[in-house]
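# What the coordinates show
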Amino acid sequence: MADPTYLSPFVLSTEERTAERHGAVDLYLPEAGEPRPAVVVVHGGPVPADVRPTPRDWPIFRGYPSALAARGVVGATVDHRLHGVADYPLAADDIAAAVDLVRADPRVDPDRIALWFFSGGGLLLADWLRTPPDWLRIAAATYPMLSVPPEYGPRFNPAAAVGEAGTLPILLTRVGRENPQIAATVAEFVTAAEACGARLEIIDVPNGQHSFDILDHTDESRDAVERALTTVLAALK
């Protein structure tokens, strides 16, 4: 039987680093003698609770923080509890706790933090768009879901929250072969961001599909990931 799609290899040829595990949080540490900025990588979902390995051990979520550590910053992942659509509040609590843990680590510069959301985890971006903390230097989202139907309630709706983001830089990686339902949420978010003058930068991957960074091993995909990494790192300087 073939491996599930989520175990496909990461698109970049990055030497994987061994994570330092702290409960639900994994830290990927650069070789540095002083506190370094950190990027907290937030996986998508919902992911059923019985899936093994859990997301932080998928190639993509070992690949991104390894690539970040290789570039001199701390990469962090968290196994949050987004197991069903009703679990967004639980997952939001997990992300907030993970950020606190990362910022408290003496090897991290607590005033230079980025958050990077993927897929269904994109809805968790909304909390951070409302009155962003000073230490949050950039919020990134890759093939994310960015708005929800009214029955979800107002909290986890980045398209509704982006008007409160102020000067926070926001990086969106958008794929051309996106699921139509998700693409519609991205379009709604972009329209809202442009209307309020948000600091939105978009990286387009015209031939990319959802999860292009494990499914489309092309120069276009590799370039998009490298550009996203470069943009996030620049915001942390």
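To be clear, the structure that these remarks concern was listed above.
Here the structure is a predicted model, which means the values were calculated and not measured.

Scoring rules and cut-offs
Residues numbered from 1 in each chain as written. Predicted model: local features only at pLDDT ≥ 70, side-chain atom pairs only at ≥ 80, totals over all residues. Heavy atoms only, no water. Core = buried A, V, L, I, M, F, W, Y, C linked by side-chain atoms within 4.5 Å. Buried < 20%, exposed > 50% of the residue type's maximum accessible area, 1.4 Å probe, protein only. Helix = DSSP H or I, 4+ residues; strand = E, 2+ residues; numbered from the N terminus. Contact = heavy atoms within 4.5 Å. Phe/Tyr/Trp six-rings, centres within 6.5 Å; stacked < 30°, edge-to-face > 60°.

## Re the nonpolar core
- Within the largest apolar cluster, 45 residues are counted, with the highest numbers of intra-cluster contacts made by V102, L124, W128, L129 and F189.
- Among the elements that make up this core, the one with the highest residue count is helix α2 (residues 88–104) (seven residues).
- In contact with W128, not counting residues within four places along its chain, are I95, A96, V99, L115, F117, P133, W135, L136 and L168.

## Thoughts on the packing of aromatic side chains
- Counted under the stated rule, the structure contains eleven aromatic pairs.
- Residues F118 and Y143 carry aromatic rings whose centres are separated by 6.0 Å and whose planes lie at 70° to one another, so their mutual orientation is edge-to-face. Of the two residues, F118 is situated in strand β5 (residues 108–118) and Y143 in the loop between β6 (136–142) and α4 (158–161); the sequence distance between them amounts to 25 residues. Accessibility assignment for this pair places F118 and Y143 in one class, buried.
- Connected via pairs of aromatic rings, a cluster forms that spans Y6, F10, W58, F61, Y64, W116, F118, Y143 and F212.

## Some remarks on the environment of V148
- Residue placement: V148 occurs in the loop between β6 and α4.
- Among the residues examined, V148 registers a relative accessible area of 11% and is labelled buried.
- Spatially, the C-alpha atom of V148 lies 8.5 Å from that of A159, the residues being eleven residues apart in sequence.

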